[in-house]
Amino acid sequence: MLYGRRTEQERIAALVAAARDRRRSGALVLRGEAGIGKSALLDGAAALLPQDGTGARVLRVVGIEAETGIAFAGLNQLLWPVRDRVDALPAPQASPLCIALGRESPASGGTDPVQDRFTIGLAVLTLLADIADQDGPVLCLVDDAHWLDTATQETLLFAARRLGAEGVVMLFATRDEAFTGTGLPELVVGRLERDDAERVLADRRLSPSARERVLLESAGNPLALLEFAATGDEAPDGPHPLPVTDRVIASFQSRIGGLTDSARLMLLVAAAEGRGHMPSMLAAAGALGVGLDDLAEAERARLVEVTGRTVAFRHPLIRAAAYQGAPAARRLTVHRALADAADDPGCRARHRAAAALAPDEDVAADVAAAAGRARDRAAYGSAAALYRQAAELSPDPAARASRFGAAAAASLRAGRPDQAGDLAARAAKLTADPAGHARLGRVLAAVEYERGDPRLAARMLVEHASRAAAADRPAMLRAAAGYAWTAGEAPALHRAAALLPGEEALRGLALLADGDHAQGLPLLAGVVAEARAGALGAAGSAGGLGQADDGDGVEAARLALILGDDEAALDLAAIEVARLRGQGLIGALPAALRTLAQAQLAAGLHTDAESTASEAVALARDTGLPDAEGRFGAVLARAAAIEGDEVRLRELAIMAPVPDARPLAAARGLLHLGLGRHDDALRGLDTDRRPRRSGADDMLSAADLVEAAVRAGRPERARAAYEELSAWAETSKQPWALAVALRCEALLDDAEEPFVQAVRLHDRSTRPFERARTELLYGEWLRRTRRRSDARAPLRSAAEIFERLRAAPWLDRALAELRATGEAGTASAPAAPDLLDRLTSQELQVVRLAAEGTSSRDIAAQLFLSPRTVEYHLYKAYPKLGISSRKELSRLIPEPATSGAPQWTPP
């Protein structure tokens, strides 16, 4: 019977009922101090489902402090009862999960390194969903989550964040100060009120004074209530400044102190072994002259429970009391015995490290080998901790530096840039090797970029690349060029290009940074054309997944965006996203999705861009990337500006990290321009002209500056921007750029012919917003010159595009101009929403794939969801679309590659 836990029990019961009755999933973190009753709440949750194993499945794992450094130890414990189901998973998921669990991959028959750590989390999600389909609702109970190994924590959290409609409930119990930043709903389990505490003690035979002391000292902690009550009238009087947990440990230590010496030693062996693994304990105990019989006294004292082949402490605080209360020399002796008895290399390394009194290369090598095994299983957080421990055990400075460096690299891959920076700095102090410093510089530069300083990151990478090994240099210089372009750091770009003379992409970027369009743009165009041809060819084979090197597709798509080659950018980004989905490379997908969203936005596919960016944000959160919402949400700043959504743009600016300040400044200028604040627009856009970069986005900002300057009555401030835009457009030969340059010429010269040429040049399948702006300005010019009937056609065309793009302030301008021409029926009214606008971002993604004939299981694999959740999204989408089945989707859902711009040709 639990007292004082009605709120917690109701919350848990609601989750279980939703899974059992409506196939809904959910997760909850129960947070509270030791002994507060979290484990009892988990037991209560299990009791809500059938206990005979029919109609439901309960899976449990208890975090064990001794296993925090053993990669996927917790996952093995959780999935052990269902390990036979793993082979039924899709091969791209079954293989990494088998390797994580220490088994051979069913696909390769070996244990090849796992390519993406989050694929294991997806495999767990799919496995739980499959079990729920076959066995009924699944309840995963994770106790002492703060003591799970990092790899298991990350895997279970990824699965929990992606839950939807599988009928799976995941409950995590953890201490107050640990297992933070989960992104899951949390419930704090507080201390009991006095009335409930008295009910806990109702059946205890205590004198009134002892009862009052127990109530006072326990402070509402249920374990403390029971433990202090066990001492009865012997409980000491007086104030106790120690925290309740420390007082409970002291009470347990007092009880352990009353045992015989052999019982205390055997209890220490069990505490030091930590996992409850009987063979290891008995082998070590035998070497120390004790055995299982010596635990009988501790069993009678209700300190441990011996069942089958395991020994379990009744509460983790008892284990802490047994270990911490033993003399240090005795603890070291026990660890040495456990190391000699261990048959697992990871456990042997752990005990040898715990017994080491000074640096020891032999021990350090054992720990480093364990780190390497963790790294090969994509358990980068565990690998980082082990490499760090190996470094601290290394007597040789060079070996220590190398292992700190490995720890830094693993920390960076685990998404912990601050920790990576600290470890790399420690390693740098220990080595004078230039190549070693260069490798560390690569980590430190990535850390600076994550902290929001791409300029410093670029300079650091270029400096270190000049001393790096030849094999490392190209990748470092390419990364440096990317950072430098983001920051507008021309000197770093030039140095990178000089150090890698055969790299045309770097040369092209460096030339563009200097404003040399004539040489820079053709170089980049050649790189993009070659990459596109290769990507399209690869996508046509090998199941459409392509064979591009990691990151090459994204980099080529970014170059296409710089060029303003919208078709190439869409192709390259879409192919790379498909490749990453097909290969299950979840960790790399958010960056690729961000690039795809940028390409879709440039092409006027705002709904698709919103959906893509939303998926990028969700995946970034679920994979633990820092600044996820700000970094990926800032992609949509221009869309918010086009729509006149000032509140949303302000929110994006607040969330965005420093590297995204430039596009946000440009978006603010466009917003002011659309709202008629021409002086504000001019001020912001003129400031944003430096430092120069000369990419397509910069040219759009130049065009915005021209319009703002003309409308503010200061056209002289636009001449330099116009000349750069015109030269860029002439070299790039992009139709939209040539059209925008002609539009600016028409504004500056107040002439019609450039407008006419601009409208004819606009490609209707890309940049529809720029076409509509040209038509609006042309229509305004025609009306001002008293050619009202001629003005109506371009103004109608502009209004239709603005309406489709939800560009409210621009639509209002177009409609106002139409009214001024005498056009009837042009009052501004809310437009009927597009059917697809009724869908959530995830529903839109699911519906598009289903319309192509993709099965629910394949959709689930591509979007990293469960098949049941895919079906749920379709179920929710059908009524919004006014249909009832998949068959109707293909005729309803258009291809996402066209803007649907209205057809109008100037006379």
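Everything in this summary refers to the structure shown in the same document.

Cut-offs applied
- Residues numbered from 1 in each chain as written.
- Predicted model: local features only at pLDDT ≥ 70, side-chain atom pairs only at ≥ 80, totals over all residues.
- Heavy atoms only, no water.
- Core = buried A, V, L, I, M, F, W, Y, C linked by side-chain atoms within 4.5 Å.
- Buried < 20%, exposed > 50% of the residue type's maximum accessible area, 1.4 Å probe, protein only.
- Helix = DSSP H or I, 4+ residues; strand = E, 2+ residues; numbered from the N terminus.
- Contact = heavy atoms within 4.5 Å.
- Expected span 1.5 Å × (residues − 1).
- Phe/Tyr/Trp six-rings, centres within 6.5 Å; stacked < 30°, edge-to-face > 60°.
- Lys NZ or Arg CZ within 6 Å of the ring centre and 35° of its normal.

### Considering the nonpolar core
Judged by nonpolar contacts, the single largest core of 205 residues is most densely connected at Leu75, Leu79, Leu97, Leu156, Met170, Phe172 and Phe802. Take this core: its biggest share by element is ten residues, from helix α5 (residues 117-135). Among residues more than four places away in sequence, those in contact with phenylalanine 172 are Leu28, Val29, Leu30, Val142, Ala145, Leu156, Ala160, Phe179 and Leu184. If you look at the next biggest cluster of nonpolar residues, it comprises 49 residues, including Ala197, Val200, Leu223 and Leu265.

### Section: helix α11 (residues 261-273)
A rise of 1.5 Å per residue sets the reference length of α11, with its 13 residues, at 18 Å; its end C-alpha atoms lie 18 Å apart and thus fit the reference within 8%. Where burial is concerned, most of α11 is hidden: ten out of the 13 residues are buried. Where α11 is concerned, the buried positions are Ala263, Leu265, Met266, Leu267, Leu268, Val269, Ala270, Ala271, Ala272 and Glu273. Backbone geometry just downstream of α11 places glycine 274 in the positive-phi region, at approximately 85 degrees.

### Notes on the packing of aromatic side chains
A complete count under the given rule lists eight aromatic pairs for this structure. Seen in terms of ring centroids, tryptophan 728 and tryptophan 736 are 6.3 Å apart; in terms of plane orientation they differ by 50 degrees. Their pairing is tilted. Here the aromatic rings of phenylalanine 769 and phenylalanine 802 are separated by 6.0 Å at their centres, their planes lie at 65 degrees, and the arrangement is edge-to-face. One end of the pair, phenylalanine 769, is in helix α40 (residues 768-784); the other, phenylalanine 802, is in helix α41 (residues 788-804), and 33 residues separate them in sequence. Pair check on accessibility: phenylalanine 769 and phenylalanine 802 agree, each one buried. The rings of Phe769, Phe802 and Trp810 are connected pair by pair, giving a single aromatic cluster. Across from the ring centre of tryptophan 80, 3.9 Å away, lies the NZ or CZ of arginine 83, which sits over that ring.

Nothing here speaks to function; it is geometry throughout.
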